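# A structural walkthrough
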Amino acid sequence: MTDLFKVSLPDADATVALGTAVANAVKLLIESEPSNTQTPGIVFFLQGTLGAGKTTFSRGVVRGLGHTGAVKSPTYTLVEPYDTLQIPVFHFDLYRLSDPEELEFMGFRDYLDQAALLLIEWPSKGRGFLSEPDLMINLNVDDAVSPPGRAATFEAKTTKGQLFLEKLKI
């Protein structure tokens, strides 16, 4: 699966706005699924260097799905649940994970069984335990613009990821 495209993000507001657009596409994807479908959730991997905007992007997604409070980085807690939203979101940050097996101890598989959106920062730390995501989102510094901004690249990894990209309006 290689539906791939890139979006320039000149500042943090653009990164949040992209997250909001992603939230809207997630809603459309969920609404388009047949009601008798018991789909497990949607899994997005967020990759990029420190400070590339992964948590800022996640803030836009979570707020776009209706959360009105603070959206914190789950760096120390590993997961921040936003499970009271119409589409529950579980925001993971695996940066401090020392062994992928820790995901088993925290009950990660239970999150996969829910009809929820999983945003997973630093998925490489869960290598060997995490399966293929529906969508890979790479957030990186974009030196091609002045002043340097960020860029987000989206790559569908599953059929659900391709369906999501068809719904994304940017």
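Thresholds, definitions, all that
- Numbering of residues starts from 1 in each chain and follows the order in which that chain's sequence is written.
- At least 70 in pLDDT is required for a residue's local features to be given in this predicted model, at least 80 for side-chain atom pairs to be given and counted, and no such filter applies to totals for whole chains, interfaces and linings, which use all residues.
- Side-chain figures throughout are based on the complete set of non-hydrogen atoms in the structure, without hydrogens or water.
- Helix numbers and strand numbers start at the N terminus; a helix is a DSSP run of H or I with at least 4 residues, a strand a run of E with at least 2.
- Each residue's exposure class comes from its accessible area (1.4 Å probe, protein chains only) as a fraction of the maximum for that residue type: buried when under 20%, exposed when over 50%, partly exposed otherwise.
- Charge assignment: positive for Lys and Arg, negative for Asp and Glu; neither His nor the chain ends contribute.
- The salt bridge criterion pairs a side-chain nitrogen of Lys or Arg with a carboxyl oxygen of Asp or Glu, the two atoms within 4 Å.
- Polar contacts, as used here, are pairs of N or O atoms within 3.5 Å; protein pairs need one atom able to donate a hydrogen and one able to accept it. Residues neighboring in sequence count only if both atoms are side-chain atoms.
- Two residues form a contact once any of their heavy atoms are found within 4.5 Å.
- Pairing between strands is defined by DSSP: at least two bridges between the two strands are required.
- Whenever a helix is involved, its axis is fitted only over the stretch in contact; in every case the axis is a line through C-alpha atoms, and angles between N-to-C directions fall within 0 to 180 degrees.
- Roughly parallel means an angle under 35 degrees; roughly antiparallel means over 145; roughly perpendicular covers 65 to 115; every other angle is labelled oblique.
- Each helix crossing is assigned a hand: it is left-handed if the near helix lies turned anticlockwise from the far helix by less than a right angle, otherwise right-handed if that turn is clockwise.
- Note on residue categories: nonpolar means Ala, Val, Leu, Ile, Met, Phe, Trp, Tyr, Cys or Pro, charged means Asp, Glu, Lys or Arg, and polar means any other residue, Gly included.

Attention shifts here to the side chain of Asp93. In this structure, Asp93 sits in strand β4 (residues 89–93). Although Asp93 lies buried, it forms no salt bridge, and the closest oppositely charged side chain, Lys54, sits 7.1 Å away as judged by the N-O distance. Here the side chain of Asp93 touches Tyr95 through a polar contact of 2.9 Å, landing on its backbone nitrogen. If we skip the residues at most four places from it in the chain, Asp93 touches Ser73, Pro74, Thr75, Leu78, Glu121 and Trp122.

For the rest of this paragraph, the subject is helix α2 (residues 54–64). Along α2, nine of the 11 residues are buried, which leaves the element largely enclosed by surrounding structure. Among the residues making up α2, those that are buried are Lys54, Thr55, Thr56, Phe57, Ser58, Gly60, Val61, Val62 and Gly64. Of the surrounding secondary structure, the elements contacted by the buried residues of α2 are α1 (12–32), β2 (42–47), β3 (79–82), β4, β5 (117–121) and β6 (135–142). Remark: Gly66 follows α2 within two positions and exhibits a positive phi of approximately 110 degrees.

A word on the sheet that holds β5. One open sheet holds the seven strands; their spatial order is β1-β7-β6-β2-β5-β4-β3, and the pairing between them is mixed. The two strands at the open ends of the sheet, each matched to only one other strand, are β1 (4–9) and β3. With direction set aside, neighbouring strand axes in the sheet form an average angle of 15 degrees. Bridge analysis of β4 against β5 gives five bridges, and the strand direction is parallel. In the strand pairing of β5, Phe92 is matched with Ile120.

The next subject is the packing of α1 against α2. Where α1 contacts α2, the axes come no closer than 7 Å and their chain directions differ by 45 degrees. Of the possible angle classes, the one that applies to α1 and α2 is oblique. α1 and α2 meet at a crossing whose hand is right-handed. Along the contact surface, α1 presents Ala12, Thr15, Val16, Leu18, Gly19, Thr20, Val22, Ala23 and Lys27, while α2 presents Thr56, Phe57, Gly60, Val61 and Gly64. Across the contact of α1 with α2, the residue classes break down as seven nonpolar, six polar and one charged.

This part covers the packing of α1 against helix α5 (residues 159–167). Two elements in contact, α1 and α5, have axes whose closest approach is 8 Å; the angle formed by their N-to-C orientations is 120 degrees. When the interaxial angle is binned, α1 and α5 end up oblique. In the crossing of α1 with α5, the sense of the turn from one axis to the other is right-handed. Together, Val22, Ala25, Val26, Leu28, Leu29 and Ser32 of α1 and Lys160, Leu163, Phe164 and Lys167 of α5 make up the contact between the two elements. Across the contact of α1 with α5, the residue classes break down as seven nonpolar, one polar and two charged.

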